[in-house]
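A look at the structure
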Amino acid sequence: MKRIAFIALAIVAALALPDAQTERLDLATIGRIKEEGLNRSQVMDHISWLSDVYGPRLTGSPAIQQASEWAMKKFTEWGLANVHQERWKFGQGWSLVKLNVTMIEPQVQPVIAYPKEWSSGTKGPVTADVVRVNIRSEADFARYRGQLRGKIVLTQPERAVRMYEGPNILRMDDKWTAEAETTPVPAPSAGRGGGRGGAQEFRQKVEDFYVAEGVVATFDRGSDSDMANAGSEMTWMQQHPDGGTVFPTGSYARDENAGTSVPGLTLAVEHYNRMMRVLDKNVPVKVELNVETKFYDEATQGGMAGFNTIAEIPGSDLASEVVLLGAHFDSHPYATGATDNATGSAAMMEVMRLLKTLGVKPRRTIRVALWGGEEEGLLGSRAYVRDHLADVETMALKPEHAKLAAYFNSDNGSGKVRGVWMQGNLAARPIFEQWIAPLKDLGVTILAPRSVSATDHVSFDNAGVPAFQFVVDRLEYNSRTHHSTMDTFDRVQRDDMVQQAAVIAVFAYNAAMRDEKLPRKALPAPQRGRGTNPSAQQ
Ligand SMILES: [Zn+2]
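Conventions adopted
- Residues numbered from 1 in each chain as written.
- Predicted model: local features only at pLDDT ≥ 70, side-chain atom pairs only at ≥ 80, totals over all residues.
- Heavy atoms only, no water.
- Helix = DSSP H or I, 4+ residues; strand = E, 2+ residues; numbered from the N terminus.
- Rg over C-alpha atoms; globule rule 2.2 N^0.38 Å.
- Buried < 20%, exposed > 50% of the residue type's maximum accessible area, 1.4 Å probe, protein only.
- Salt bridge = Lys/Arg side-chain N within 4 Å of Asp/Glu carboxyl O.
- Axes fitted to C-alpha atoms, helices over the stretch in contact; angles between N-to-C directions.
- Parallel < 35°, antiparallel > 145°, perpendicular 65-115°, else oblique.
- Left-handed = near helix turned anticlockwise from the far one by under 90°.
- Contact = heavy atoms within 4.5 Å.
- Nonpolar A, V, L, I, M, F, W, Y, C, P; charged D, E, K, R; others polar.
- Donors = N, O, S within 2.8 Å, 3.2 Å for Na, K, Ca; no water.
- Tetrahedral: all angles 85-135°; square planar, octahedral: opposite > 155°, others 65-115°.
- Domains from an automatic or database assignment.
- Buried area = accessible area lost by both parts, 1.4 Å probe.
- Polar contact = N/O pair within 3.5 Å; in protein donor to acceptor, adjacent residues only side chain to side chain.
- Phe/Tyr/Trp six-rings, centres within 6.5 Å; stacked < 30°, edge-to-face > 60°.
- Lys NZ or Arg CZ within 6 Å of the ring centre and 35° of its normal.
- Pairing = 2+ DSSP bridges.

**A closer look at the overall build of the chain**
Along the backbone of the chain there are 14 helices and 18 strands. Taken against the 2.2 N^0.38 rule, which gives 24 Å for 538 residues, the C-alpha radius of gyration of the chain at 25 Å falls within 12% of a compact globule. Dimensions of the chain, computed from C-alpha atoms along their principal axes, come out at roughly 100 × 50 × 45 Å. Of all 538 residues assigned to the chain, the portion counted as buried reaches 55%.

Quick look at the structure:
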């Protein structure tokens, strides 16, 4: 008898299971989100304000503060709650005030160039001869000692400019979809490799040498980034640092050593190579240069120049639990930070506007966080994790850690959402499979198991909460706009952005309405040295 009762119970439980795993999606509201999002989107307007009016938004600069005030005003207008900034220590701010680079001999030519971030200025216009150096080790200093005073120095060899083959725009086709869906979760890396310290140290010695030798400024032409992945089919990953687009690399100190190096600029490769070839002919090259930059003491910002901009839609029966939406708000200073990352920030802002406009009543609180300091090392998202969730160095958890239902990040340009990088959190797959079903008509089909890195969801993944970055069509993000002087509104694709915001709004709503929080991976081990202060990121 007992045995029959037990079998009956097991059958009932088994029959119950499919129900337990079936998401109870509110298709009516999902339909309304899509309708509002696809037909009355304001995302492009947000992007234009953030990039055309407030770009670039370098952390610590006045522009990012102005942009945050604009965003907070919008949040307040939309009726969001708890609109505020959360601050953290950063160092000195910086902005460019004036720039003129003109070759005046052998002929006059305006030069396309951009100072590296936190570069010092020339203290007014200077005219100087251009020379080149080849310093590969400290032994090379002797060769140039006493010869560089009052000169502008070319620091790199010429770089060949190639014509381009292969697509430089990526829309996820069957091939790349299969690649994304089948690439396994990589084995956890034993933390970050070392060896950058040495290069950094030598770079500092070279800069000190230039200061000691009275060099006026240094010119380079950026890294050999067009050769990245050379020969691979991923031609869309290759930067196109030519044709007037410059990808400046490296930045100067923003601590007590800020402003102590000679000014450093990255030139359009074509303009740089011309100077090299003229010098090859022993014909003099002379440049008129005026670089004016400004540093902002952190003390003027209450000793904490870094900040995150936060707002929320309060929940109801599960209000103490949070669905967190994030995107970095800061950018490099080279253009207007349109696709990196006004697009992600605007998409998350639009999600909040959409949901508020529709008057949805989420069960969990939906919170948006626009991070500062991502480009300097995920500083803002790490500060949030440290202040709200956990000390990842010891993995001591804070009460809010258990209350975070999910974190969603957008930071891959203006392409439409094609799916989700699962970050190795495969228990979420059956859930997302059901979430993307009503989004298939918008092209959302990919659930890619592997982890992606180098942006803010990593701060949350490292703290052991469910964190995801969306798979988007990369378009010309890598080849043209990512960290370049051409990261402007013109490169933002409207239809893609409209879709991106609408799809993320559906994910946010589903996460806020389901009975359970999203599943979690095993809690990571303590990460010594990974608390704050970082390495450069995306
Ligand atoms: Zn970014």
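**Thoughts on the pattern of salt bridges**
The tally for this structure, following the rule as stated, stands at 32 salt bridges. Among the salt bridges present, the one from Arg 367 reaches Glu 400, with a minimum N-O distance of 3.8 Å. With Arg 367 in strand β12 (residues 364-371) and Glu 400 in the loop between β14 (396-397) and β15 (404-409), this residue pair connects regions lying 33 residues apart in the sequence. Residue class for Arg 367 comes out buried when judged on its relative accessible area of 12%. Residues joined in a network through salt bridges with shared partners are Glu 35, Glu 36, Arg 40, Glu 350 and Arg 353.

**Some details on the packing of helix α2 (residues 27-39) against helix α14 (residues 494-513)**
Relative to each other, α2 and α14 sit at 155 degrees, their axes nearing to 9 Å. With respect to α14, the axis of α2 lies roughly antiparallel. Where α2 crosses over α14, the two elements pack in a sense that is right-handed. Where α2 abuts α14, its residues Thr 29, Ile 30, Ile 33, Lys 34, Gly 37 and Leu 38 lie against Val 498, Gln 499, Ala 502, Ala 505, Val 506, Tyr 509 and Asn 510. Class assignment of the residues belonging to the contact of α2 with α14 gives a composition of 8 nonpolar, 4 polar and 1 charged.

**What to know about the coordination of the zinc ion**
Only His 328 (NE2), Asp 340 (OD), Asp 411 (OD) and Asp 411 (OD) from the protein coordinate the zinc ion, and they sit 1.9 to 2.7 Å from it. In this structure, the zinc ion is coordinated by 4 donor atoms arranged in irregular fashion, with angles at the metal of 51 to 144 degrees. All donors of the zinc ion belong to a single chain; written as a sequence motif, their spacing is H-x11-D-x70-D. Here His 328, found in strand β11 (residues 318-328), pairs with Asp 340, found in helix α9 (residues 338-358); they are 12 residues apart in sequence, far enough to count as distant. You can call His 328 buried: its relative accessible area is 0%.

**Quick notes on the domain arrangement of the chain**
Domains assigned within the chain are domain 1 (25-90 + 301-413 + 454-469 + 478-513) and domain 2 (98-183 + 192-293). Using only C-alpha atoms to locate each centre, domain 1 and domain 2 end up separated by 32 Å. Listed per partner, the contact involves 17 residues of domain 1 and 19 residues of domain 2. Approximately 1600 Å² of surface area, both sides summed, lies buried where domain 1 meets domain 2, with 47% of it carried by carbon and sulfur atoms. Together, Tyr 334, Asn 478 and Ser 479 form the three largest contributors to the area buried by domain 1 at its contact with domain 2, with a combined 38%. Here domain 1 and domain 2 share 1 salt bridge between them. For Asp 496, the salt bridge is made with Arg 171, and the minimal N-O distance between the two is 2.8 Å. Our count for the contact surface shared by domain 1 and domain 2 stands at 8 residue pairs in polar contact (both at pLDDT 80 or more). Counting residues per element, the side of domain 1 that touches domain 2 draws most heavily on helix α13 (residues 477-481), at 3 residues. The residue inventory of the side of domain 1 that touches domain 2, partitioned by class, reads 6 nonpolar, 8 polar and 3 charged.

**Some points on the side chain of Thr 102**
On the secondary structure map, Thr 102 appears in strand β2 (residues 93-105). Apart from residues no more than four positions distant in its own chain, Thr 102 is found in contact with Val 108, Gln 109, Pro 110, Val 111, Lys 286, Val 287 and Glu 288.

**Structural notes on the packing of aromatic side chains**
Following the criterion strictly, the structure yields 23 aromatic pairs and no others. Ring centres of Tyr 114 and Tyr 334 lie 5.7 Å apart, and the angle between their planes is 80 degrees; this geometry places the pair in the edge-to-face category. Taken as a pair, Tyr 114 in strand β4 (residues 113-115) and Tyr 334 in the loop between β11 and α9 lie far apart in primary sequence, 220 residues in all. With respect to class, Tyr 114 is no different from Tyr 334; both count as buried. Put simply, the rings of Phe 408, Phe 432, Trp 435, Phe 468, Phe 470 and Phe 507 touch in pairs and so form one group of aromatic residues. If you follow Arg 203 out to its NZ or CZ, it ends over the ring of Tyr 252, 5.8 Å from the centre. Here the guanidinium or amino end of Arg 254 rests over the ring plane of Trp 118, the centre of that ring lying 5.8 Å away.

**Points about the packing of helix α3 (residues 43-53) against α14**
Packing of α3 against α14 brings their axes to within 9 Å, and their N-to-C directions diverge by 110 degrees. Classified by the angle between their axes, α3 and α14 sit roughly perpendicular to one another. Each of Val 43, Met 44 and Ile 47 in α3 lies in contact with α14, whose residues at this interface are Arg 494, Met 497, Val 498 and Ala 501. Each residue belonging to the contact of α3 with α14 can be placed in one class, and the counts come to 6 nonpolar, no polar and 1 charged.

**What about the sheet that holds strand β1 (residues 81-88)?**
One open sheet accounts for 8 strands, arranged β1-β10-β12-β11-β15-β18-β16-β17; its pairing is mixed. Across the chains shown, the open sheet's two edge strands, defined by having one partner strand only, are β1 and β17 (446-448). The mean angle between the axes of side-by-side strands here comes to 25 degrees, regardless of whether they run parallel or antiparallel. Pairing between β11 and β12: 8 bridges, direction parallel. Pairing of Leu 318 across the sheet is with Arg 364, part of β12. The sheet contacts of helix α11 (residues 429-436) involve β15, β16 (417-421), β17 and β18 (467-472), and relative to β17 the element is tilted by about 160 degrees.

**With respect to the environment of Thr 122**
Residue placement: Thr 122 occurs in the loop between β4 and β5 (126-132). Exposure remark for Thr 122: the relative accessible area of 11% places this residue in the buried category. For the pair formed by Thr 122 and Asp 255, sequence separation is 133 residues and the distance between their alpha carbons is 20 Å. Of the polar contacts made by the side chain of Thr 122, one reaches the backbone oxygen of Gly 124; its length is 2.7 Å.

**Observations concerning the pairing of β18**
Counting buried positions over the 6 residues of β18 gives 6, a clear majority of the element. Bridge count for β16 against β18 is 4 bridges, and the pairing is antiparallel. Note on β18: the bridge partner recorded for Val 417 is Val 472.

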